[in-house]
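Examining the three-dimensional arrangement
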Amino acid sequence: MTRILVVGCGFAGATVARELADAGWEVDMIDQRSHIAGNAFDEIDCNGIRIHRYGPHLFHTSNKRVIDWIARFGEFVTYEHRVQARLPDGRCVVLPINRATINDVFGVTLNDSEAVRAFLLTQAVDIAHPANAAEYLATKVGVILSDLFFRPYTRKMWGLDLEDLDASVVKRIPLRYDNEDRYFPGETYQVMPRLGYTRLFEVILDHPCIRVCLNQSFDASMLRGYVHCFNSMPIDAFFDYRIGRLPYRSIRFHHHTVRFDYGCGSAATINFTDAGPLTRETDWTRIQGHVVRQGPSKTITREEPCDYSENNHERYYPVKTSDGRYQVLYSRYKALAAAVANVSFIGRCGTYQYLDMHQVISQSLAHVSAWIDQRRSSGSVKGSPLSSSSEPSGRFACTPNIGLSAGS
Ligand SMILES: Cc1cc2nc3c(=O)[nH]c(=O)nc-3n(C[C@H](O)[C@H](O)[C@H](O)COP(=O)(O)OP(=O)(O)OC[C@H]3O[C@@H](n4cnc5c(N)ncnc54)[C@H](O)[C@@H]3O)c2cc1C
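Residues numbered from 1 in each chain as written. Predicted model: local features only at pLDDT ≥ 70, side-chain atom pairs only at ≥ 80, totals over all residues. Heavy atoms only, no water.

1. Quick word on the sheet that holds strand 9 (residues 189-193)
Strand order in this open sheet of 3 strands is 5-9-6, and the pairing throughout is antiparallel. Two strands lie at the open edges of the sheet, namely strand 5 (59-61) and strand 6 (76-78), each paired on one side alone. With strand direction ignored, the average angle separating the axes of adjacent strands in the sheet is 40°. The pairing of strand 6 with strand 9 spans 3 bridges and is antiparallel. Considered in strand 9, the bridge of Phe 76 is made with Pro 193. (Pairing = 2+ DSSP bridges. Helix = DSSP H or I, 4+ residues; strand = E, 2+ residues; numbered from the N terminus. Axes fitted to C-alpha atoms, helices over the stretch in contact; angles between N-to-C directions.)

2. Describing the packing of aromatic side chains
Under the criterion given, the structure shown has 22 aromatic pairs. Both rings, one in Phe 239 and one in Phe 345, keep their centres 6.1 Å apart while their planes meet at 35°; by these two values the pair is tilted. In this pair, Phe 239 is assigned in the loop between helix 9 (235-238) and strand 12 (248-259) and Phe 345 in strand 17 (residues 343-345), connecting sequence segments 106 residues apart. The class for Phe 239 is buried, based on a relative accessible area of 5%. On the numbers, 5.6 Å between centres and 25° between planes, the contact of Tyr 317 with Tyr 354 is stacked. Linking Tyr 317 in strand 16 (residues 317-318) with Tyr 354 in the loop between helix 11 (347-350) and helix 12 (357-377), this pair joins segments that are 37 residues apart in sequence. (Phe/Tyr/Trp six-rings, centres within 6.5 Å; stacked < 30°, edge-to-face > 60°. Buried < 20%, exposed > 50% of the residue type's maximum accessible area, 1.4 Å probe, protein only.)

3. Section: the pattern of salt bridges
Scanning the model with the defined rule gives 27 salt bridges in all. With a shortest N-O distance of 2.9 Å, Asp 147 and Arg 151 are connected by a salt bridge. Separated by 4 residues within a single helix, Asp 147 and Arg 151 lie in helix 6 (residues 142-158), roughly one turn from each other. Residue Asp 147 is classed as partly exposed on the basis of its relative accessible area, which comes to 34%. (Salt bridge = Lys/Arg side-chain N within 4 Å of Asp/Glu carboxyl O.)

4. Observations regarding the pairing of strand 1 (residues 3-7)
Consecutive side chains along a regular strand alternate between the two faces of the sheet. For strand 1, a buried count of 5 out of 5 residues is recorded, marking the element as mostly surrounded by other parts of the structure. Burial along strand 1 is two-sided: the face carrying Arg 3, Leu 5 and Val 7 and the face carrying Ile 4 and Val 6 are both buried. Relative to strand 11 (residues 228-231), strand 1 is paired through 4 bridges, and the arrangement is parallel. Paired with Val 6 across the strands is Phe 230, a residue of strand 11.

5. A word on helix 5 (residues 133-140)
Along helix 5, the residues classified as buried are Ala 133, Ala 134, Tyr 136, Leu 137 and Ala 138. A side-chain oxygen of the first residue of helix 5 lies 3.0 Å from the backbone nitrogen of Ala 134; this N-cap is Asn 132. Downstream of helix 5 by one or two residues, Gly 142 has phi in the positive range, about 85°. (Polar contact = N/O pair within 3.5 Å; in protein donor to acceptor, adjacent residues only side chain to side chain.)

6. What to know about the sheet that holds strand 15 (residues 297-307)
Pairing in this open sheet of 7 strands is mixed, and the strands run 8-7-13-14-15-12-16 from one edge to the other. Either end of the sheet is taken by a strand with one partner, and the two such strands are strand 8 (92-95) and strand 16.

7. What to know about the site of the ligand
In the vicinity of the ligand, 29 residues are found, and the nearest of them are Asp 31, His 57, Arg 348, Leu 355 and Met 357. Interatomic distance of 3.0 Å between a backbone N/O atom of Phe 218 and a nitrogen atom of the ligand. In the model, an oxygen atom of the ligand is placed 2.7 Å from a nitrogen or oxygen of the Met 357 main chain. In isolation the ligand offers 990 Å² of accessible surface; the protein chains occlude 94% of this area. (Near = heavy atom within 4 Å. Areas by Shrake-Rupley, 256 points an atom, 1.4 Å probe, with all protein chains shown as cover.)

Structure representation (structure tokens):
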């Protein structure tokens, strides 16, 4: 028996599937959605604009192993993302907060990084051990900037007050003392797939040992007939929510057609810091390669966060509260998973953590190569491409490979 089941056709599942196939295993992939590429799925809309159905996905990494791996499957173009914040009074300023932002907000003229550090020290609150996001931000930027940029935004994004949010969530947000306005300046590779993510996934999955079956939800009975299952579905759903539900924030995406000359400035994304329901707006035409056919109109997308139960159970962001209660619940699910020998949980929902795409690829590469090595050292015979192994006893039939499958 050489077949392996992979649940989920996002970056986690696709990375694992391709590595297994290259090592000679036969892989059946399923996804409950009608398309591959998971949350990175993109498509060209009626305005001729490439849009990402689940929000803007910017590829950035300094991990050479990841970029070398992904570059095997398509061409990439350089794209450096920039974001602005629209303040409640309508002014737009640079985000993440940098020297220009501070000068604009406070009406001061700080000329260098040292002046910015000194100024922020006058704002910062001294808290020895910040216990939550509010306290962490107070120690870094002080209460004025925190209340302006982060308090209403956090409430609408997470449905939580800063005091209830774990500090690790806001630690991801950089703070700049110079005038750097790129969103990911520290990353060596800031790129986008030239023909889009969906095409990239088509190439990753185009392998004679990979079969893809869309519109197919996981069912435990599918495990019969497979030597192993790599599973990127939500771990609590796998266990039928036996010990409780792991919450997620979700986002409703509102796509609007506007005149091509709508908007100003150079930022592709504008974050709204006011107390309204929307968090941000993306102008796809400002992302390299996203105007596929230019016409009189273009598409912009606005995001409205909500609980995942209010959005068809679309799970986007694992919730991290300052008391850590959901991480404790996840660790209990992880313990249950450790007892299921033939299933590995992978990806964002399988491991209940927010991960960027490069992190998912990196973790999946490490995970699957350890699994392949372990099988080899335990004397298991690897599968051989196109070998005629027994059919799985699951209840579905997969197409031979993604090049032949519909719906993508
Ligand atoms: C709004 C938003 C913006 C983001 N922006 C960026 C960004 O700019 N840069 C970046 O690096 N990362 C970004 N990310 C993160 C990125 O989406 C993830 O790193 C990546 O999608 C994780 O891949 P995955 O395979 O773990 O999960 P997913 O892409 O979610 O794939 C999991 C797949 O499993 C399927 N599935 C789930 N349950 C079942 C089931 N029971 N049966 C069958 N199939 C199932 C789902 O349909 C899904 O297609 C963003 C995420 C969001 C939500």
